Amino acid sequence: MNKNKQTLLLAVLMLAVTTVFSGCSSDGNSANSSSAPADNASNGTGQDTSKNIKLNVSFMGIQDGFDAPGAANDTIFNNLEKQFNVTLNPVQLTWNDYMEKTKVWAASGQLPDIFPNVIAVDNQALYASWAKQGIIKPLPEDLSKYPNIERIMSLPSVTPLKVDGKFYMIPRMTYNDSSDWIMDRPILYRKDWASEAGFTSSPNSFDEFVAMIKAVKKLHPEAVGVTLENKSYIDTQFLGSFPEMANSKSWTKEEDEWIPSYDSPRINEGLKQLRTLYSEGLLDKDFAIQKASDGTSKFLNGQSFVNYGGTFSTFANVDAFHKGNPGVNLSDAVGLMSIWPASDGKRYTFAETPYWSEIYFNNKMSDEQFDRALQLIDFMASEDYSVLVKNGILNVDYKIENGKAVSLLSSDESLATKYPVTNTLNALAQWHGALYKAGKTVLNSNPDIAAWEAYDQETFKKFKAEYTPAPINFDIMLMSTPAKNKLSTSTLIDDMVNTILGEDDPAAMWTKVLKGYESKGLNDAIKEVNDKAKELGI
Amino acid sequence: MESSTQLEYSGKTTARRRSGILWKEIVKHKYLYLLLAPLVIFYIIFTYIPMYGVLLAFKEFDYSKGVLGSPWNHFANFNAVFGNPGFWTAFRNTLLISMGRLIIEFPIPIVLAILLNEISKGRLTRVFQTVFTFPHFISWVVLSGIIIGIFNDQGLYNQVLALFGAEKSSVLTSGPGFTIVLFVSNIWKEAGWSCILYLAAIAGINLELYEAAEVDGANRLQQMKAITWPVLKSTAAVLFILAVGNVMNGGFDQIFNLYNSAVYAYSDILDTFVYRSAFTDATGFGFSTTVGLLKSVINFTLLFGANYIVTRFGKEEGL
């Protein structure tokens, strides 16, 4: 082998070895961010922001916003960075992998500075572990510098989430109150088809509901009776018999003892109803294998009569409906069905804590970074930010007319494309539901969406005034005890699906399911919760 | 005493001589070893060094302390695993599905290779080979979407059933139906690709052997039995050993993308169980590492067991 060949071979080998090692290198975005000087000295709240702070922020789809055309010209986002003198570095997450990614980051010490997750309520064991192991940063005792955060943390539905007397997260508020979730288990139905079949109002019992579907299916034999937005919406069925079970995390008091709702024999009626719907071919035969939104797609395409879940607040859904149902007027065709009364004669609505997910902070952040991050989140949790996000900039994107926000955007413009970073990042600290429920959001320029939102608001008010929120004790639901924390409910929907698809008696099948939960510590959890409830006088 | 010292001395000398020979060989073939180096380094870094992670099976994982710093909990994870009914379901399913793959799927590529060899004189060989090999390159993510589309309520399968007046069937939510789809779809996807090794072995057969057999009046079946199969046997033996060593891997990609909660009782294998334990349930990394460790130990034992049986009783070369 001559020298040239030897040199070439060595070079190739070095390249190969370098390639192998490059996989082990860091991406350079360390959790501990650096800082650089800037001109700003205050964010308008009188707090010092003279030094620019870099923050790594992860959120679902955040990178898509930063990569979108026009991202550099997102005035709302640019103003936000300027106002707090921060530089936000996006760390991508998706709805499909956020849990996996965050756990891997936590295990490898690569957590972003600010990140969302769903563990304080759904996986209390992990929340408590991360708090005690110093993975996530505790909030300061004195939150008076951050008035919006202080307001949220003092809510009764939030206080049970303290670990050893400290909060380690900030709930991302969906609404102001747990009863505002009414429309989050909507029952969409084709009221034009129902009327055709002789049903002009919501059913008053499950039997009437079944009769209604059968009558409609006679006229529309190709249509599915009931479809689901996704599998978890199956719990909507329980609103008509055992409303607590519509929230699968809830606990209920029976014979003077707190038990998880799924452990109550009251669940059997709803399970039997679901079995009836499935075995009589009224529930979508594909619901067990459906991907998210498959059921809603069928509804939008005119292939289903009733859909548990779904909305017409998005252009995509309105467009899909018109394509699937040419010549049909959306307002005339689709309605929101009331659930039938439960055995006590009351019609119930879905209830949840006013939040369902949280924001966390990496414990490796410096106090200076943490303070700036809290200032930022405090603003993003405010109504002022909600208005910016939902309505745009006053007198640029919307104007106030007779006390109502009216859009100034042309038909080919949208806030999403005008402010692409804000569009993906805006829900970091809250979901802005309170603004919508208060009727302060801008009137949509699409007439179908505007009409739907008006109908949705009107139904919300009617349901809130006339119906009863599911009676859930959130202190018990959020209570943290060692055995309760380990008792995961992540397989509950799967267990329900199996019971619905099975051939044995649903109640007998559910008893077998409960045996499995007993082997995972159900009885210990019940004992611990009841002991603690007695201590707290609940 | 004296003899033991002599033995020790002679042992050391032999070892030194051997290492000297090895070093001379390395120096002699230094460029070949250099070519091999990146692969060896890759395996050390990404396969051997991470093995320290199995310690987690004996520890309560603490995110802030990492694998080495986490406190020992001895066999608590093993107790949790053995006490979990989901583990035993997954264990049983893994064995059943893997055995099914060995019995049903393993022979198919051999048969396919022999059949392809039989049409070797025609142009069609390449066409068939391409057609059979192509599905291997479709990912399970895409393929599962196609399969679900075929078998859903409004899918092709149910439309054909309806055409003949038969009742619709929900194949993917019934255990037996799902199991059949599992094997058939994997055969369709992988048989063509897996038969390449057998085709390569067949390509090494001297064609004169077939000509001589023809002259001797041997028919196709006799040629296959007397010439093709003896050559394929040793390749099949090695692939069988590897397949046995892989028996606890029931096919994560395929099952994860195809299964649903209605068929967990039939389809949940250890890999899918580990995935759900680590990322969805509240059990954590210690629990899932324990399941992974148990799986690896069983695989290791089976691999060596199969290798021993093949070399001891089968008169074939092992690994």
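Conventions adopted
- Residues numbered from 1 in each chain as written.
- Chains lettered and ligands numbered in written order.
- Predicted model: local features only at pLDDT ≥ 70, side-chain atom pairs only at ≥ 80, totals over all residues.
- Heavy atoms only, no water.
- Phe/Tyr/Trp six-rings, centres within 6.5 Å; stacked < 30°, edge-to-face > 60°.
- Buried < 20%, exposed > 50% of the residue type's maximum accessible area, 1.4 Å probe, protein only.
- Contact = heavy atoms within 4.5 Å.
- Buried area = accessible area lost by both parts, 1.4 Å probe.
- Salt bridge = Lys/Arg side-chain N within 4 Å of Asp/Glu carboxyl O.
- Polar contact = N/O pair within 3.5 Å; in protein donor to acceptor, adjacent residues only side chain to side chain.
- Helix = DSSP H or I, 4+ residues; strand = E, 2+ residues; numbered from the N terminus.
- Nonpolar A, V, L, I, M, F, W, Y, C, P; charged D, E, K, R; others polar.
- Domains from an automatic or database assignment.
- 1 Å grid on protein atoms, 1.4 Å probe; cavity = no way out; pocket = protein on both sides within 12 Å on 5 of 7 lines; lining within 4 Å.
- Points joined across faces, edges and corners; volume = space filled by probe spheres on them.
- pLDDT = per-residue confidence, 0-100.
- Axes fitted to C-alpha atoms, helices over the stretch in contact; angles between N-to-C directions.
- Parallel < 35°, antiparallel > 145°, perpendicular 65-115°, else oblique.
- UniProt positions renumbered as here; feature names shortened; annotations may be inferred.

Student: Go over the packing of aromatic side chains with me, naming the residues and quoting the values.
Tutor: Residues and elements named next belong to chain B. Evaluated as defined, the whole model comprises 48 aromatic pairs over all chains. Taking 5.0 Å as the distance between ring centres and 75° as the angle between the ring planes, the aromatic pair formed by Phe 87 and Trp 88 counts as edge-to-face. Residue class for Phe 87 comes out buried when judged on its relative accessible area of 2%. On the basis of relative accessible area, Trp 88 is assigned to the partly exposed category, the value being 41%.

Student: Outline the interface of chain A and chain B, listing residues and values.
Tutor: At the interface, 39 residues of chain A touch 32 residues of chain B. For the pair chain A and chain B, the summed buried area comes to about 3100 Å², and 65% of that belongs to carbon and sulfur atoms. The tally of links between chain A and chain B comes to zero salt bridges. Taken together, the connections running from chain A to chain B amount to eight residue pairs in polar contact (both at pLDDT 80 or more). If you list the elements that add at least two residues to the side of chain A that touches chain B, you get helix H1 (3-22), helix H4 (98-107), helix H5 (124-132), helix H20 (482-486) and helix H21 (492-501) of chain A. Residue contributions to the side of chain A that touches chain B peak at eight residues, all from H1(A). Split into classes, the residues belonging to the side of chain A that touches chain B amount to 21 nonpolar, nine polar and nine charged.

Student: So what's going on with the domain arrangement of chain B? Residues and values would help.
Tutor: Residue and element names in this part refer to chain B. Per the domain assignment, the segments making up chain B are domain 1 (2-69) and domain 2 (85-313). On a C-alpha basis, the centres of domain 1 and domain 2 stand 35 Å from each other. Counting from both sides, the interface comprises eight residues of domain 1 and, opposite them, five residues of domain 2. For the pair domain 1 and domain 2, the two sides together bury roughly 490 Å², of which 80% comes from carbon and sulfur. Where domain 1 meets domain 2, there are zero salt bridges. Joining domain 1 to domain 2, the criterion identifies zero residue pairs in polar contact (both at pLDDT 80 or more).

Student: I'd like a rundown of empty space enclosed by the protein, residues and numbers included.
Tutor: All names here are of chain A. For the coordinates displayed, the defined rule picks out two cavities of 30 Å³ or more. In this structure, the largest cavity is lined by 16 residues; those nearest its centre are Val 121, Gln 124, Lys 484, Leu 487 and Thr 489. Partitioned by chemical class, the residues of the lining of the largest cavity number seven nonpolar, six polar and three charged. Two domains each put at least three residues into the lining of the largest cavity: domain 1 (35-178 + 354-440) and domain 2 (186-349 + 459-536). Computed from the structure, the second largest cavity encloses a volume of approximately 110 Å³. Partitioning the lining of the second largest cavity into residue classes produces twelve nonpolar, two polar and one charged.

Student: Please give an account of unusual backbone geometry that cites residues and values.
Tutor: Look at A:Asn85: it is not a glycine, yet its phi comes out positive at around 50°. We note that A:Asn402 has phi near 50°; this positive angle belongs to a residue other than glycine.

Student: Please provide a residue-by-residue account of the confidence of the model for chain A, values included.
Tutor: Residues and elements named next belong to chain A. In the predicted model, chain A carries a mean pLDDT of 90, and the fraction of residues at 70 or more is 91%. Per-element averaging of pLDDT across chain A places strand S1 (residues 35-37) at the bottom with 38 and strand S6 (residues 187-190) at the top with 98. Confidence drops under pLDDT 50 across residues 23-41; counting only partners more than four residues distant or on other chains, this segment forms 37 contacts.

Student: Requested: an account of the packing of helix H7 (residues 124-133) of chain B against helix H10 (residues 175-203) of chain B, with residues and values cited.
Tutor: Residues and elements named next belong to chain B. Two elements in contact, H7 and H10, have axes whose closest approach is 7 Å; the angle formed by their N-to-C orientations is 130°. Taken together, H7 and H10 sit at an angle that is classed as oblique. Every residue of H10 that contacts H7 at Gln 129, Phe 132 and Thr 133 is listed here: Trp 188, Gly 192, Trp 193, Ile 196 and Leu 199. Looking at the contact of H7 with H10, its residues break down into five nonpolar, three polar and no charged.

Student: Break down the side chain of B:Asp153 for me, with residues and values.
Tutor: Among the structural elements, B:Asp153 can be located in the loop between helix H8 (140-151) and helix H9 (156-163). If sequence neighbours within four positions are ignored, B:Asp153 has contacts with A:Lys285, A:Asp286, B:Asn158 and B:Lys168.

Student: How would you summarise the UniProt feature "transmembrane region" (unreviewed entry) in chain B if you had to cite specific residues and measurements?
Tutor: All names here are of chain B. Here, the residues flagged by UniProt with the feature "transmembrane region" (unreviewed entry) are residues 31-58, 95-116, 128-151, 191-210, 231-252 and 285-310. Structurally, residues 95-116 comprises 95% helix and 0% strand, and the distance from its first C-alpha atom to its last is 31 Å. Its end C-alpha atoms 26 Å apart, residues 191-210 is made of 85% helix and 0% strand.

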